[in-house]
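Okay, here's what each chain looks like letter by letter:
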Amino acid sequence: MKSKLINAIGRNLRKPEATLLGRFVKKNFEKKNGFIELEAVRLCDIQPNHQVLEVGFGPGIGVQAAYNIVKGGEGTIHGVDFSEEMVRIATKRLEKGISDGKVKLIHGDVSSMPFLQSNTFNRIFHCNCYYFWPDMSKAMNELHRVMKPGGVMVTAMNYERVKHIQAEGFFAKVGDPTLDRYLSALDSCGFIEVETKKFKHEKTGDNLVAILAKKSEI
Ligand SMILES: C[S@@+](CC[C@H](N)C(=O)[O-])C[C@H]1O[C@@H](n2cnc3c(N)ncnc32)[C@H](O)[C@@H]1O
């Protein structure tokens with residue numbers, strides 16, 4: 001019984017469903033991850049003219065923060081998430097940005113993103129998402145492909161908490177958050193100037209880890 005519940009929660013952490021459990025997980029993302037999304041946006045140093053992509057946007061808190069930066073400029077925010085339920089929820093949150101043409105939320109998978117054109121985004125960010133990418137090289141090559149030369153990608157997380165969630169068995173059937181898996185894919189897929197920042201969040205006191213990586217100018 002307990003392992004069934006753990007597996008069901010794990011399944012919803014990976015891909016939230018339109019169920020009571022999915023709604024509970026979504027509320028948890030807002031409460032426990034919202035401020036991490038804001039840190040990722042801060043570290044991206046988004047400018048009003050930037051083309052920005054978030055992968056695995058969940059309830060849309062990071063997209064909302066990024067939209068607030070570009071709404072007065074020429075920039076746009078794209079979001080890709082493979083949970084229909086998260087696309088539905090975030091679409092409600094981003095109603096204004098979508099209707100004024102600055103935000104586009106797409107149901108899709110990081111491993112084969114719905115962007116025919118390469119070299120598009122100045123900034124890419126994702127939070128609590130790479131854990132669920134079974135083919136890390138495929139996902140990373142896609143991220144590298146759609147990023148503009150000189151673009152920056154940021155991920156941020158509370159790694160202590162993520163490791164705790166892993167130890168409780170929630171990732172057993174759905175993913176692997178091991179940091180080295182992410183770092184070695186960055187390297188093998190051509191990202192450069194990889195920087196790991198460790199810092200305490202000013203308000204919550206949580207120890208956060210952020211990883212920044214760049215696509216070469218040439
Ligand atoms: C744990 S949630 C994190 C949501 C939000 N970023 C946060 O930190 O609260 C993971 C999100 O990534 C999405 N996701 C997982 N794997 C994905 C993939 N392969 N392609 C696109 N989205 C994915 C899920 O649907 C979900 O919305």
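The preceding data block contains the structure.
Residues numbered from 1 in each chain as written. Predicted model: local features only at pLDDT ≥ 70, side-chain atom pairs only at ≥ 80, totals over all residues. Heavy atoms only, no water.

Brief notes about the packing of helix 2 (residues 20–44) against helix 3 (residues 61–70)
At a minimum axis distance of 8 Å, the contact between helix 2 and helix 3 shows a crossing angle of 35°. The hand of the helix 2/helix 3 crossing is right-handed. Listed contacts from helix 3 to Glu30, Gly34, Glu37, Leu38 and Val41 of helix 2 are Ile61, Gly62, Ala65, Ala66 and Ile69. Here the residues of the contact of helix 2 with helix 3 are counted per class, giving six nonpolar, two polar and two charged. (Axes fitted to C-alpha atoms, helices over the stretch in contact; angles between N-to-C directions. Helix = DSSP H or I, 4+ residues; strand = E, 2+ residues; numbered from the N terminus. Left-handed = near helix turned anticlockwise from the far one by under 90°. Contact = heavy atoms within 4.5 Å. Nonpolar A, V, L, I, M, F, W, Y, C, P; charged D, E, K, R; others polar.)

Describing the site of the ligand
Taken together, 21 residues lie near the ligand, and Glu37, Gly56, Asp81, Cys127 and Asn128 sit nearest. At 3.2 Å from a nitrogen atom of the ligand is found a side-chain nitrogen or oxygen belonging to Asp109. The backbone of Val110 places a nitrogen or oxygen atom 3.1 Å from a nitrogen atom of the ligand. Considering the ligand on its own, with 590 Å² of exposed area, one finds that the protein chains cover 98% of that surface. (Near = heavy atom within 4 Å. Polar contact = N/O pair within 3.5 Å; in protein donor to acceptor, adjacent residues only side chain to side chain. Areas by Shrake-Rupley, 256 points an atom, 1.4 Å probe, with all protein chains shown as cover.)

Observations concerning the environment of Gly101
On the secondary structure map, Gly101 appears in the loop between helix 5 (95–99) and strand 3 (103–107). Taking the C-alpha atoms as reference points, Gly101 and Lys71, separated by 30 residues in sequence, lie 9.7 Å from one another.

Considering the pattern of salt bridges
Counting across every chain of the model gives nine salt bridges. Salt-bridge contacts for Asp176 lead to Arg181; the nearest nitrogen and oxygen are separated by 3.8 Å. Look at Arg181 and you get partly exposed, because its relative accessible area is 23%. A salt bridge links Glu195 to Lys197, with the shortest nitrogen-to-oxygen separation between them at 3.4 Å. (Salt bridge = Lys/Arg side-chain N within 4 Å of Asp/Glu carboxyl O. Buried < 20%, exposed > 50% of the residue type's maximum accessible area, 1.4 Å probe, protein only.)

Quick notes on the pairing of strand 5 (residues 147–157)
Across the 11 residues of strand 5, nine count as buried, placing the element largely inside the fold. For strand 5 and strand 7 (residues 207–215), the ladder comprises six bridges, and the chain directions are antiparallel. Counterpart to Val154 in the pairing with strand 7 is Leu212. (Pairing = 2+ DSSP bridges.)

Topic: the nonpolar core
Residues Trp133, Met140 and Leu143 are the most contacted members of the largest nonpolar core, which totals 39 residues. For this core, the secondary-structure elements that each account for two or more residues are helix 1 (2–14), strand 1 (51–55), strand 4 (121–127), helix 6 (136–146), strand 5, helix 7 (159–167), helix 8 (179–188) and strand 7. With five residues, helix 6 is the largest single contributor of residues to this core. Filtering out sequence-adjacent residues up to four positions away, Trp133 remains in contact with Val55, Val110, His126, Ala139, Leu143, Arg181 and Tyr182. Grouped together as the second largest cluster of nonpolar side chains are 28 residues, Val41, Val52, Ala65 and Tyr67 included. (Core = buried A, V, L, I, M, F, W, Y, C linked by side-chain atoms within 4.5 Å.)

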